[in-house]
Amino acid sequence: MRIVTWDRAGQSVPAALVESPEGDRLLDLSGLVASTLELLSDEQLLADARAAVASADPSGLPWRDGERLLAPVTPRVLLCVGYNYRGHVVAGGEGQPDPERPDVFVKTANTLLGPDDAVLLPPQSSDVDYEGEIGLVIGRTAHAVSAEEALSHVVGYTLVNDVSARDWQNRTSQWTLGKCFDGFAPLGPAIVTADEIDDPADLLVEVIRDGETTVSQSTSTLIFPFAELVSYISQSITLQPGDVIATGTPQKLPDALRDHQAVADGDSVRIRVEGIGELTTVFAG
């Protein structure tokens, strides 16, 4: 099931995407639940929503195209992981060994952006960049969980664009200001429930910038797989339903890395992961 938050005539509405031969439709779930967060944290409500999707007649539902979606969930905390794909290393650091532990940082609440909204380029930065990532959405409270049980606390998967102001990020050893300009975390468009993903360790993450593929690498090359990330982070932070972990981005392909250009007004970046979907971010400013 693909769970979204629909901006329906100015109201935030929990909804699901329903397939039809002509494209996705929107099924309003507000008769079942008050919010997407409530849905994500209740297995019976999820079952009821799946039944509603299965019985829906797509022909009577509004098109997804032409409607505005919000971020599918508003996380209490958005945790991010750096350098988590083999080959993604600090600039000039070829041949570095794998890190011993995940490199975890936080994006603040002001960064959250819906999938249909443009990222406004801050005039304070001259080097804004993008990173395509898979986001783990927590559905059950996780405190000091083992890696073996960790994925049972993940209700679904989404896509995250970890937008970064590289010039600000590199000013100090702490990345916070470079990572946390307003709107620097587009999220969505949907949360795909975990039962839809056969093998989270075999997903191809692709990023396409203005028609050119700049990233293409499998989650099979993760240094810290999803279960290890949830387990490790939960030793320190008690994860709550709706929290999101952005699991890292692969290194850009050699041509894109060599010809690095900051994103500019009108640029479009599309993150694509089969089974999870596509998140397209337009930059403006």
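Refer to the preceding data block for the structure.
Parameters and conventions
Residues numbered from 1 in each chain as written. Predicted model: local features only at pLDDT ≥ 70, side-chain atom pairs only at ≥ 80, totals over all residues. Heavy atoms only, no water. Helix = DSSP H or I, 4+ residues; strand = E, 2+ residues; numbered from the N terminus. Rg over C-alpha atoms; globule rule 2.2 N^0.38 Å. Buried < 20%, exposed > 50% of the residue type's maximum accessible area, 1.4 Å probe, protein only. Contact = heavy atoms within 4.5 Å. Areas by Shrake-Rupley, 256 points an atom, 1.4 Å probe, with all protein chains shown as cover. Lys, Arg positive; Asp, Glu negative; His and termini not counted. Charge placed at Lys NZ, Arg CZ, Asp CG, Glu CD. Salt bridge = Lys/Arg side-chain N within 4 Å of Asp/Glu carboxyl O. Core = buried A, V, L, I, M, F, W, Y, C linked by side-chain atoms within 4.5 Å. 1 Å grid on protein atoms, 1.4 Å probe; cavity = no way out; pocket = protein on both sides within 12 Å on 5 of 7 lines; lining within 4 Å. Points joined across faces, edges and corners; volume = space filled by probe spheres on them. Nonpolar A, V, L, I, M, F, W, Y, C, P; charged D, E, K, R; others polar. Pairing = 2+ DSSP bridges.

Caption draft 1: Structural view of the overall build of the protein. When helices and strands are tallied, the protein shows seven helices and 18 strands. Relative to a compact globule of 285 residues, whose C-alpha radius of gyration would be 19 Å, the protein shows 18 Å and is just as compact. Counting the 285 residues in the protein, one finds 51% classified as buried. Across the protein, the fraction of contacts at a sequence separation of at least 24, relative to all contacts at a separation of at least 6, is 73%. Carbon and sulfur atoms make up 49% of the accessible area of the protein, which totals about 12,800 Å². Distance between charge centres in the protein, computed from 19 positive and 43 negative side chains, equals 4 Å.

Caption draft 2: Structural view of the pattern of salt bridges. Per the stated rule, a full pass over the model turns up 20 salt bridges. A salt bridge links Arg-8 to Asp-28, with the nearest nitrogen and oxygen atoms 2.7 Å apart. Taken together, the positions of Arg-8 in strand S1 (residues 2–8) and Asp-28 in strand S3 (residues 25–28) put the pair 20 residues apart, joining distant regions of the chain. Two residues, Glu-131 and Lys-179, come together in a salt bridge whose shortest N-O distance is 3.8 Å. Placement of Glu-131 in the loop between strand S9 (128–129) and strand S10 (132–138) and of Lys-179 in helix H5 (residues 176–179) is noted, with a sequence separation of 48 residues between them.

Caption draft 3: Geometry of the nonpolar core. Core analysis: the biggest nonpolar cluster contains 45 residues, and Ile-134, Tyr-157, Val-230, Leu-239, Ile-245, Ile-276 and Phe-283 have the highest contact counts within it. Those elements that provide at least two residues to this core are strand S5 (78–82), S10, strand S11 (154–161), strand S14 (204–209), helix H6 (226–234), strand S17 (268–273) and strand S18 (277–284). For this core, the leading source of residues is H6, giving five residues.

Caption draft 4: Just the side chain of Glu-206, in detail. As for its position among the elements, Glu-206 is in strand S14. Under the relative-accessibility criterion, Glu-206 is labelled buried at 17%. Once residues lying within four places of it in the same chain are set aside, the contact partners of Glu-206 are Val-215, Ser-216, Arg-270, Ile-271 and Arg-272.

Caption draft 5: Quick look at the layout of surface pockets. Space inside the second largest pocket adds up to approximately 310 Å³. Lining of the second largest pocket is provided by 17 residues; of these, Arg-2, Leu-17, Asp-24, Ile-276 and Gly-277 occupy positions nearest its centre. Counting only elements with at least two residues in the lining of the second largest pocket, the list comes to strand S13 (185–193) and S18. In terms of residue count, S18 provides more of the lining of the second largest pocket than any other element does, four residues in total. Per-class residue counts for the lining of the second largest pocket are seven nonpolar, three polar and seven charged.

Caption draft 6: Geometry of the sheet that holds strand S15 (residues 212–218). Here five strands make up an open sheet; going across it, the order is S8-S18-S17-S14-S15 and the pairing mixed. Sheet topology places strand S8 (119–120) and S15 at the edges, where each strand pairs with a single neighbour.

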